[in-house]
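# Fold and geometry: a report
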Amino acid sequence: MGKVSGKVVAELFSFMAERRGLLSDDLFGSRRKRSAIDAAAIMVDKAHPAGNEHNIAGALPMPIKAAFPCVARGRLIHAMEAKQIDGDLIRWT
Amino acid sequence: MEMVIESNVLQSHPVGAGVLLGSAVSPILFPIHTAGLMNWVDERVQGVGDLSFVADLGLVPTREDVNQVVRKLEACAAESIDLADRRDLQFDTAKTEAALFAPRKGHKMHLRQKLTTNIMGGDGLVRFNKDATWWLGIWMDAHLLFKEHQNRCMKKARTAEAQLHVLTRLHGTVPEQVRAFQVACVQPVERYGSKLS
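No experiment lies behind these values; they were computed from the predicted model shown.

### What about the overall build of chain A?
Regarding its fold elements, chain A presents four helices and two strands. Along its sequence from the N terminus, chain A presents helices and strands in the succession α-β-α-β-α-α. Taken against the 2.2 N^0.38 rule, which gives 12 Å for 93 residues, the C-alpha radius of gyration of chain A at 17 Å runs more than 25% over that of a compact globule. Looking at chain A residue by residue over its 93 residues, the buried ones come to 28%.

Written out as structure tokens, the structure reads:
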């Protein structure tokens, strides 16, 4: 039951975030039609600008260590309130 | 949090941080928590392309001079780490490798000296990988030709094919099923990222 309700809430969050534009255009993963391949393609496009063969690009991938367990709950709730996310969804979190 | 091991309920402990691992909601909650990280870097370091994949941040400055690119990368790393610290997050600099890309092959010798140096990333050094850098399952080489990526994918696909061959020989699977397994297990490995090259 927890998994089912989690998926429903995830759908609601996703719908709300996309509709209100809460997520950056440069954010991939956990969003529809924004796969890892799309992210890599955009990185290649940024590193390899068309018509400019003299440029050199650098890339620095920075993974966040123990990302999910390190989310401070109070700070997350505050961020959700600041983005005016529905109170029921905040309480569910 | 309360652990139960073989019907024995252990002492409960309050959990003040973290979103659930394996939950469908966590990959959406995490970007809400880190919202503003890319804007923070953009405002402080000009001319840097950045993108993020859930908990992976990618920074791509472009310049005509290698030293300028390296300085931009250092500035980006410093700013990202600064904001992450304020949000009780840490970047895994031990696993991080920076890369330099040059469209022209003539750049290769010019870059070679820099490829052996390191840039500062928080409390440690981030080294450059002169062969290919891995990000989101894609191996990116210095000229973005993806030959290294293709070779690695083909090697993994051949291994999967060999394992499938052993399984089907042992269990006498019918040809239609072998074909279905091949399509499901081997082809996606072989073709991952093929659109990029």
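### A closer look at the confidence of the model for chain B
With 85% of its residues at a pLDDT of 70 or more, chain B shows a mean pLDDT of 79. ipTM for the predicted complex: 0.81, alongside a pTM of 0.76.

### As for the pairing of strand 2 (residues 56-65) of chain A
Most of strand 2 of chain A sits inside the fold, with eight of its 10 residues counted as buried. Note: strand 2 of chain A against strand 4 (residues 56-63) of chain B, six bridges, orientation antiparallel. Paired with Pro63 of chain A across the bridge in strand 4 of chain B is Asp56 of chain B. With three bridges joining them, strand 2 of chain A and strand 6 (residues 97-101) of chain B adopt antiparallel strand pairing. Paired with Ala59 of chain A across the bridge in strand 6 of chain B is Ala99 of chain B. Bridge count between strand 2 of chain A and strand 5 (residues 90-91) of chain B: two bridges; the pairing is antiparallel. If you follow Lys65 of chain A over to strand 5 of chain B, its bridge partner there is Gln90 of chain B.

### A word on the interface of chain A and chain B
Contacts between the two partners involve 53 residues from chain A, matched on the other side by 69 residues from chain B. Of all the secondary-structure elements, those providing two or more residues to the side of chain A that touches chain B are helix 1 (2-20), strand 1 (27-28), helix 2 (36-47), strand 2 and helix 3 (73-82) of chain A. Class assignment of the residues belonging to the side of chain A that touches chain B gives a composition of 35 nonpolar, 10 polar and eight charged.

### Re the packing of helix 3 of chain A against helix 1 (residues 26-33) of chain B
Between helix 3 of chain A and helix 1 of chain B, the shortest axis-to-axis distance is 9 Å and the interhelical angle comes to 80°. One way to sum up the angle between helix 3 of chain A and helix 1 of chain B is to call them roughly perpendicular. Here Arg75, Leu76, Ala79 and Met80 of chain A of helix 3 of chain A come into contact with helix 1 of chain B, specifically with Leu29, Ile32 and His33 of chain B. Among the residues forming the contact of helix 3 of chain A with helix 1 of chain B, the class breakdown is five nonpolar, one polar and one charged.

### Observations regarding unusual backbone geometry
Among all residues except glycine, the phi angle is most often negative; among peptide bonds, the trans geometry is most common. Despite not being glycine, Gln84 of chain A shows a phi value in the positive range, around 55°. Along the chain, the position of Gln84 of chain A falls in the loop between helix 3 and helix 4 (87-92). Of note, the phi angle at Leu136 of chain B is positive, near 55°, even though the residue is not glycine. Along the chain, Leu136 of chain B falls in the loop between strand 9 (132-135) and strand 10 (138-141). Here Leu136 of chain B falls in the partly exposed class, since 19 other C-beta atoms lie within 10 Å of it.

### Some remarks on the nonpolar core
Ranked by size, the top nonpolar core spans 59 residues in total, and within it Ala59 and Leu60 of chain A together with Leu59 of chain B carry the most contacts. Excluding residues that lie within four positions of it along the chain, Leu59 of chain B makes contacts with Leu60 and Met62 of chain A together with Val41, Val48, Asp50, Leu73 and Cys76 of chain B.

### A short note on the domain arrangement of chain B
Residue and element names in this part refer to chain B. The domain architecture assigned to chain B consists of domain 1 (4-142) and domain 2 (148-196). Counting residues at the interface gives six residues for domain 1, matched by six residues for domain 2. With three residues, the top contributor of residues to the side of domain 1 that touches domain 2 is strand 10. Along the lines of polarity and charge, the residues of the side of domain 1 that touches domain 2 split into three nonpolar, one polar and two charged.

Conventions and cut-offs
Residues numbered from 1 in each chain as written. Chains lettered and ligands numbered in written order. Predicted model: local features only at pLDDT ≥ 70, side-chain atom pairs only at ≥ 80, totals over all residues. Helix = DSSP H or I, 4+ residues; strand = E, 2+ residues; numbered from the N terminus. Rg over C-alpha atoms; globule rule 2.2 N^0.38 Å. Buried ≥ 20, exposed ≤ 12 C-beta atoms within 10 Å, placed from the backbone. pLDDT = per-residue confidence, 0-100. Pairing = 2+ DSSP bridges. Contact = placed C-beta atoms within 7 Å. Nonpolar A, V, L, I, M, F, W, Y, C, P; charged D, E, K, R; others polar. Axes fitted to C-alpha atoms, helices over the stretch in contact; angles between N-to-C directions. Parallel < 35°, antiparallel > 145°, perpendicular 65-115°, else oblique. Core = buried A, V, L, I, M, F, W, Y, C linked by C-beta atoms within 7 Å. Domains from an automatic or database assignment.

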